[in-house]
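Each chain is listed here by its residues.
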Protein chains: 2
Amino acid sequence: MPAGSNFPAVDGDRLWRSLMDLAAIGATPKGGVCRLALTDEDRRAREMFVEWARAAGCTVRVDPIGNIFARRAGRDPARPAVMTGSHIDTQPTGGKFDGNYGVLAGLEVLRRLNDLDIDTEAPVEVVVWTNEEGSRFVPVMMGSAVFAGAVALDDARAARDGDGISVGDALDRIGFAGPPCERPAIDSYFEAHIEQGPVLEDAGQTIGVVTGALGQRWFDCEVTGFEAHAGPTPMELRRDALQAAAVLMRRVVEIALVHAPHARGTVGQVQVHPNSRNVIPGGVIFSVDFRAPDDAMLDAMEQAFREAMSVVAIDHKVDVALRETSRFAALRFDAGCVAEVAAAARDLGVGAMEIVSGAGHDAIHIATCAPSAMIFVPCAGGISHNELEDADPVDLAAGANILLRCILNRARVVERG
Amino acid sequence: MPAGSNFPAVDGDRLWRSLMDLAAIGATPKGGVCRLALTDEDRRAREMFVEWARAAGCTVRVDPIGNIFARRAGRDPARPAVMTGSHIDTQPTGGKFDGNYGVLAGLEVLRRLNDLDIDTEAPVEVVVWTNEEGSRFVPVMMGSAVFAGAVALDDARAARDGDGISVGDALDRIGFAGPPCERPAIDSYFEAHIEQGPVLEDAGQTIGVVTGALGQRWFDCEVTGFEAHAGPTPMELRRDALQAAAVLMRRVVEIALVHAPHARGTVGQVQVHPNSRNVIPGGVIFSVDFRAPDDAMLDAMEQAFREAMSVVAIDHKVDVALRETSRFAALRFDAGCVAEVAAAARDLGVGAMEIVSGAGHDAIHIATCAPSAMIFVPCAGGISHNELEDADPVDLAAGANILLRCILNRARVVERG
């Protein structure tokens, strides 16, 4: 294992150029990327990745849900692979770095190993997971969920976008539905990613050693009042669904603040019926997104919200119903892999701090079938899922160096004769 | 003038049948009516009205904005007409009675005068005003506004629906753009209408003697925060536009309650950006509808809301802007016409109470160019702008009798030789 000073650092310029080349596919006028899963843009980006991987000497395999595995052989083909990767689909008004960074940092690691003729005992694989964003097809993190067995392949292929096109048809059309295969054994999985939040930047740290991920519970809350004409209906006779919903929307945030600093509560989506300016709303559906570092806290948050629902239903003479739409248990990443990331940062002299991921990532699924950890780097202003998303090339290179170090340690370097 | 006991009461069954026949045009499966202004359904309903009016011996004239005037001649053609009417366009999920009742109550008055061979000194006109609802084209109450000179004909014709079709093109297409003409002198205008609120039903009264209309101020309130990913963004670093908007939406109602019982405050329409469940909303636009019986109260309400905006902008680190979209001064109807309605109810022994209209009506515009008043009858549960809208045939006939009495008094009955 090379010492810190002799460490074969990645080529940060090459990494940056690859990021910019990939970002040209689906580039938006405002400097972002629109590359929804399984569109022609996604196909072109996949083809570019496959071409680069093959040029780096990898063998490329595609599984039935379209996950792409680029494998750099190890000395011992029997050993389970050390895996890294992320996704290259984006939000409709997404940025250049979310997902793409993890994939291209992995590719840069392979290229650097090639530059230096470094062989590893274990194979190293860079993976592109299908449809992480969930913008076009739900569920989110679809490719890693199918890989980990959390979602059945047939269910995933049957998911349809707003135009009625299924994942299966879209995969077939772009030519990325591979043949069935057994899930390979995995030594470990490391995913590099921009933080997508402001914590590292605020703390002035370069590396986030991700110890786990917040648990998530997503709901639709439906309030049913009574639609009536805004002018002639006296205030005291109203059953205004939006006023009741406004109280509950505030409660979502208040409940998160009770469990500061790690809990989160967000209402992102609101649908008002009939949504006419002179009609008292008869119905409102809004999303509730609770996140917390442990499931007991999530239980308490959900319970507090259900109690608020009961009070508001009586106070406002409305019906309130809650429907869970998604749930992820709080997760702690593998202690060994997390320690590997922390040690790499220490050995390379890069400022690092422990952090808990508030967002969902493919690593959350992979952690259920292999020892896993994540490496965060800052993004400007914490802005992500936004065309303004930006990151410092120096930070991106630092994260890739941590990834390289972790991979070298897990895959074992072979000294050339 | 006939005495109360000999009063030539309207034919309530005929009125009801006409209401049901008209309601068949644009009938919805839930028992309501969808007959948006200047659609084919509106055209068919207009043609049915014209046919009925001609069968009742009327001459029919259409003005350039599509208002239909059905005139029953008086003995003295030089006298200004006594006018009545309302509208036959509906909300997308509207009912059978809103507007339609005022038009068909007027038609029933003419039919009853014919039955009994009663001549009047002054002509009597029944008017169908164009696009009262404002669902397809804004502004609302368009036909009466153009008639009264509150909106220029060219501006009204240039208004476009969501598909980009102008009022002018739609009028030409359905054949209801009449030739230019001077606005005729009007003796008085009486409009019968369902209350569209629950006050009469609650009070157990049959007739609302409408003394005036609440003043209205409508606004769009725009809150601008900062869009960010819901998971990784700590609560204390958020600039959540929806949370700020929720506080302000509550304030709209709280401000109305301060000015109870006649003030109203409603948020009917909300638009959230980007409206994605795991993105902290960066922008929200919501409607504000304030109504009050006098303009000083409206000033105080608007002022209180602007103060709340300033506080919320600071507390939530957002920008808040308010744009007025519509304004009607509070209105008192003509004392003589209001007294006529009250006297008719008293003479006919029908339970009546004074009431202030919370909704906009064509009468509000006509009141600016002729002595005007309105006659309200109850609707079931106060429900209107709803497919469930319903009314009691007995109440509808009672309201038409009041209308008949007012018209006879103003137009002067001629005893036949």
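Residues numbered from 1 in each chain as written. Chains lettered and ligands numbered in written order. Predicted model: local features only at pLDDT ≥ 70, side-chain atom pairs only at ≥ 80, totals over all residues. Heavy atoms only, no water.

(A) Summary view of the packing of helix H8 (residues 241-258) of chain A against helix H9 (residues 295-315) of chain A. Residue and element names in this part refer to chain A. Running from N to C, H8 and H9 cross one another at 155°; their axes reach a closest spacing of 10 Å. When the interaxial angle is binned, H8 and H9 end up roughly antiparallel. The crossing of H8 and H9 is right-handed. For the pair H8 and H9, contact is made by Ala244, Val247, Leu248, Arg251, Val252, Ile255 and Ala256 and by Met301, Ala304, Phe305, Ala308, Met309 and Val312, respectively. Residue composition of the contact of H8 with H9, by class: 12 nonpolar, no polar and one charged. (Axes fitted to C-alpha atoms, helices over the stretch in contact; angles between N-to-C directions. Helix = DSSP H or I, 4+ residues; strand = E, 2+ residues; numbered from the N terminus. Parallel < 35°, antiparallel > 145°, perpendicular 65-115°, else oblique. Left-handed = near helix turned anticlockwise from the far one by under 90°. Contact = heavy atoms within 4.5 Å. Nonpolar A, V, L, I, M, F, W, Y, C, P; charged D, E, K, R; others polar.)

(B) How the structure looks around the side chain of Glu389(B). Residue and element names in this part refer to chain B. Topologically, Glu389 is positioned in the loop between strand E17 (372-377) and helix H12 (393-411). Despite its burial, Glu389 pairs with no opposite charge; the closest candidate is Lys96, at 8.1 Å N-O. At a separation of 3.3 Å, a polar atom in the side chain of Glu389 contacts the main-chain amide nitrogen of Lys96. A polar contact of 2.8 Å, which involves the side chain of Glu389, links it to the backbone nitrogen of Phe97. The residues contacting Glu389, other than those within four sequence positions of it, are Gly95, Lys96, Phe97, Asp98, Ile194, Ile383 and Ser384. (Buried < 20%, exposed > 50% of the residue type's maximum accessible area, 1.4 Å probe, protein only. Lys, Arg positive; Asp, Glu negative; His and termini not counted. Salt bridge = Lys/Arg side-chain N within 4 Å of Asp/Glu carboxyl O. Polar contact = N/O pair within 3.5 Å; in protein donor to acceptor, adjacent residues only side chain to side chain.)

(C) Representation of the interface of chain B and chain A in the model. With 58 residues of chain B at the interface, the matching set in chain A holds 56 residues. Between chain B and chain A, roughly 5,100 Å² of surface is buried when both sides are summed, and carbon and sulfur atoms account for 56% of that area. Of the charged contacts in the structure, one is a salt bridge between Asp220(A) and Arg277(B), with a shortest N-O distance of 2.7 Å. Counting the contacts that link chain B with chain A gives 22 residue pairs in polar contact (both at pLDDT 80 or more). The set of elements that each furnish at least two residues to the side of chain B that touches chain A consists of helix H7 (199-203), strand E8 (215-224), helix H8 (241-258), strand E10 (264-266), strand E11 (270-273), strand E12 (279-280) and strand E13 (283-292) of chain B. Among the elements that line the side of chain B that touches chain A, the one with the most residues is H8(B), at nine residues. (Buried area = accessible area lost by both parts, 1.4 Å probe.)

(D) The domain arrangement of chain A, seen in detail. All names here are of chain A. Parsing chain A into structural domains produces domain 1 (12-213 + 330-414) and domain 2 (215-328). Each of domain 1 and domain 2 has a C-alpha centre, and the two are 35 Å apart. Contacts between the two partners involve eight residues from domain 1 and, on the opposite side, eight residues from domain 2. For the domain 1 and domain 2 pair, buried surface summed over both sides reaches about 640 Å², with 59% attributable to carbon and sulfur atoms. When the area that domain 1 buries against domain 2 is broken down by residue, the three leading residues are Ala330, Val356 and Gly358, summing to 58%. (Domains from an automatic or database assignment.)

(E) A look at the packing of aromatic side chains. If you walk through the whole model with that rule in mind, you get 12 aromatic pairs over all chains. Here Phe69(B) and Trp129(B) contribute two aromatic rings whose centre-to-centre distance is 5.9 Å and whose plane-to-plane angle is 85°, an arrangement assigned as edge-to-face. With Phe69(B) in strand E2 (residues 68-72) and Trp129(B) in the loop between strand E5 (124-128) and helix H4 (142-148), this residue pair connects regions lying 60 residues apart in the sequence. A relative accessible area of 1% places Phe69(B) in the buried class. Taken together, a centroid distance of 6.0 Å and an interplanar angle of 75° make the contact between Phe290(B) and Phe305(B) edge-to-face. Note that Phe290(B) is positioned in strand E13 and Phe305(B) in helix H9 (residues 295-315), a separation of 15 residues in sequence. The burial state of Phe290(B) is the same as that of Phe305(B); both residues are buried. Following the ring pairs from residue to residue traces out a cluster consisting of Phe69(A), Trp129(A), Phe147(A) and Tyr189(A). Over the face of the ring belonging to Phe147(B) we find Arg183(B), whose NZ or CZ atom lies 6.0 Å from the ring centre. (Phe/Tyr/Trp six-rings, centres within 6.5 Å; stacked < 30°, edge-to-face > 60°. Lys NZ or Arg CZ within 6 Å of the ring centre and 35° of its normal.)

(F) Up close: unusual backbone geometry. At the junction of Ala260(A) and Pro261(A), the peptide bond is cis and its omega measures out at 0° in the coordinates. Inspection of the secondary structure assignment puts Pro261(A) in the loop between H8 and strand E10 (264-266). That bond from Val138(B) to Pro139(B) is cis: its omega, 5°, falls within 30 degrees of zero. Tracing the chain through its elements places Pro139(B) in the loop between E5 and H4.

(G) Inspection of the nonpolar core at higher detail. One finds Tyr101(B) and Leu396(B) to be the most contacted residues of the largest nonpolar core, which totals 91 residues. With 10 residues, H12(B) is the single largest residue contributor to this core. Every residue in contact with Leu396(B), bar those within four places of it in the chain, is listed here: Leu15(B), Trp16(B), Leu19(B), Phe97(B), Tyr101(B), Ile194(B), Val377(B) and Ala391(B). Within the second largest apolar cluster, 90 residues are counted, among which are Phe49(A), Leu171(A), Ile355(A) and Ala400(A). (Core = buried A, V, L, I, M, F, W, Y, C linked by side-chain atoms within 4.5 Å.)

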